[in-house]
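Residue-level structure breakdown
Now for the letters of each chain:
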Amino acid sequence: DLVELMATTTDLAREASARITAAKAELDLVTGGLVGPLDDVRLLMRERTDRYTPLLEAYVEVADVIPSILGWPTPKRYLVLAQDNLELRTTGGLGGVYGIVKLDRGSVIERTFRNIAVIDYQPGHRYIEPPPALKGHLLGETSWQVADGGWSPDFPTAAQDILRLYEIETGDTGIDGIIALTPHAID
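Here goes a summary of the coordinates provided.

What counts and how
- Residues numbered from 1 in each chain as written.
- Predicted model: local features only at pLDDT ≥ 70, side-chain atom pairs only at ≥ 80, totals over all residues.
- Heavy atoms only, no water.
- Helix = DSSP H or I, 4+ residues; strand = E, 2+ residues; numbered from the N terminus.
- Buried < 20%, exposed > 50% of the residue type's maximum accessible area, 1.4 Å probe, protein only.
- Contact = heavy atoms within 4.5 Å.
- Expected span 1.5 Å × (residues − 1).
- Pairing = 2+ DSSP bridges.
- Patch = residues over 30% accessible without salt bridge, like charges linked within 9 Å, V, L, I, M, F, W, Y side chains within 5 Å.
- Areas by Shrake-Rupley, 256 points an atom, 1.4 Å probe, with all protein chains shown as cover.
- Salt bridge = Lys/Arg side-chain N within 4 Å of Asp/Glu carboxyl O.
- Core = buried A, V, L, I, M, F, W, Y, C linked by side-chain atoms within 4.5 Å.
- Axes fitted to C-alpha atoms, helices over the stretch in contact; angles between N-to-C directions.

Looking only at helices and strands, the protein features 8 helices and 4 strands. Scored against the burial criterion, the 187 residues of the protein give a buried share of 36%. A separation of at least 24 residues holds for 51% of the contacts in the protein among residues at least 6 apart in sequence.

Take a look at the structure:
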């Protein structure tokens, strides 16, 4: 399992990266002008350390993050918002479909998708004051809901707003992150 491999070998990859960095420093101390085969080996070693160092460094960087995102060592639940880019909003479009995706050690163990109206238009929701620009331009006296949560051009801000609105409307507080997609992203 790739996720397990990544999660359990990060320390080994860090150690390998440190050793390659040390080897590059040692190779830098060896000056040119060595006898033919020795200089060929020095150049070959330098070429290979230069080629593989960026790959190993990139691996170390993502190995700390990717397993956690994919549910290692504990499962993660994500709110997925499919945005309709024909109804413009600053994050990509009106959220028309939402879903919950749960990942456990790299496997999708739950996925459900529904029309956003299932949560946005249920009776009994309390009124949520929209931001002034959204209220004055688009919503008027209508409550701020998940579908219009992505009003901010700054996605981290919009994601926090969407999550807060989702939690208010559903009572579901077990979401670890938000993924927003438009049809262009899927294409």
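Taking 1.5 Å of rise per residue, the 16 residues of helix α7 (residues 155-170) would be expected to cover 22 Å, and the 22 Å separating its terminal C-alpha atoms lies within 8% of that figure. Within the sequence span of α7, burial applies to Ala158, Ala159, Asp161, Ile162, Leu163, Leu165, Tyr166 and Glu169. Looking one or two residues past α7, Gly171 carries a phi angle of roughly 80°, positive in sign.

With that settled, consider the pairing of strand β2 (residues 94-104). Regular strands have side chains that alternate between both faces of the sheet. As judged from the 9 bridges shared by strand β1 (residues 76-84) and β2, these two strands associate in the antiparallel manner. Its bridge partner lying in β2, Leu79 is registered against Ile100. Sheet topology note: the β2/strand β3 (residues 107-115) ladder contains 8 bridges and is antiparallel. Each residue of the ladder has a partner; that of Val101, found in β3, is Arg111. Hairpin connection between β2 and β3: a loop of 2 residues separates the two successive antiparallel strands, and Arg105 in this loop has a positive phi of roughly 55°.

Another aspect to go through is a nonpolar patch on the surface. Together, Val30, Leu34, Val35 and Leu38 give the surface a local cluster of nonpolar side chains, amounting to about 340 Å² of exposed area. Structurally, Leu38 can be placed in helix α3 (residues 36-63).

Moving on to the nonpolar core. With 20 residues, the main nonpolar core has Leu79, Tyr98, Ile116, Val146 and Tyr166 as its most contacted residues. Of all elements in the fold, only β1, β2, α6 (132-139) and α7 reach the threshold of two or more residues within this core. If sequence neighbours within four positions are ignored, Val146 has contacts with Leu81, Ile116, Ile119, Asp120, Ile162, Leu165, Tyr166 and Glu169.

Another aspect to go through is the sheet that holds strand β4 (residues 177-181). In any sheet, the strands associate via hydrogen bonds between backbone groups, in a parallel or an antiparallel arrangement. Strand order in the open sheet formed by 4 strands is β3-β2-β1-β4, with mixed pairing between adjacent strands. Looking at which strands have only one partner, the edges of the open sheet turn out to be β3 and β4. Direction aside, the axes of adjacent strands within the sheet are offset by 25° on average. Across the sheet, α7 is in contact with β1, β2 and β4; its angle to β4 comes to roughly 110°.

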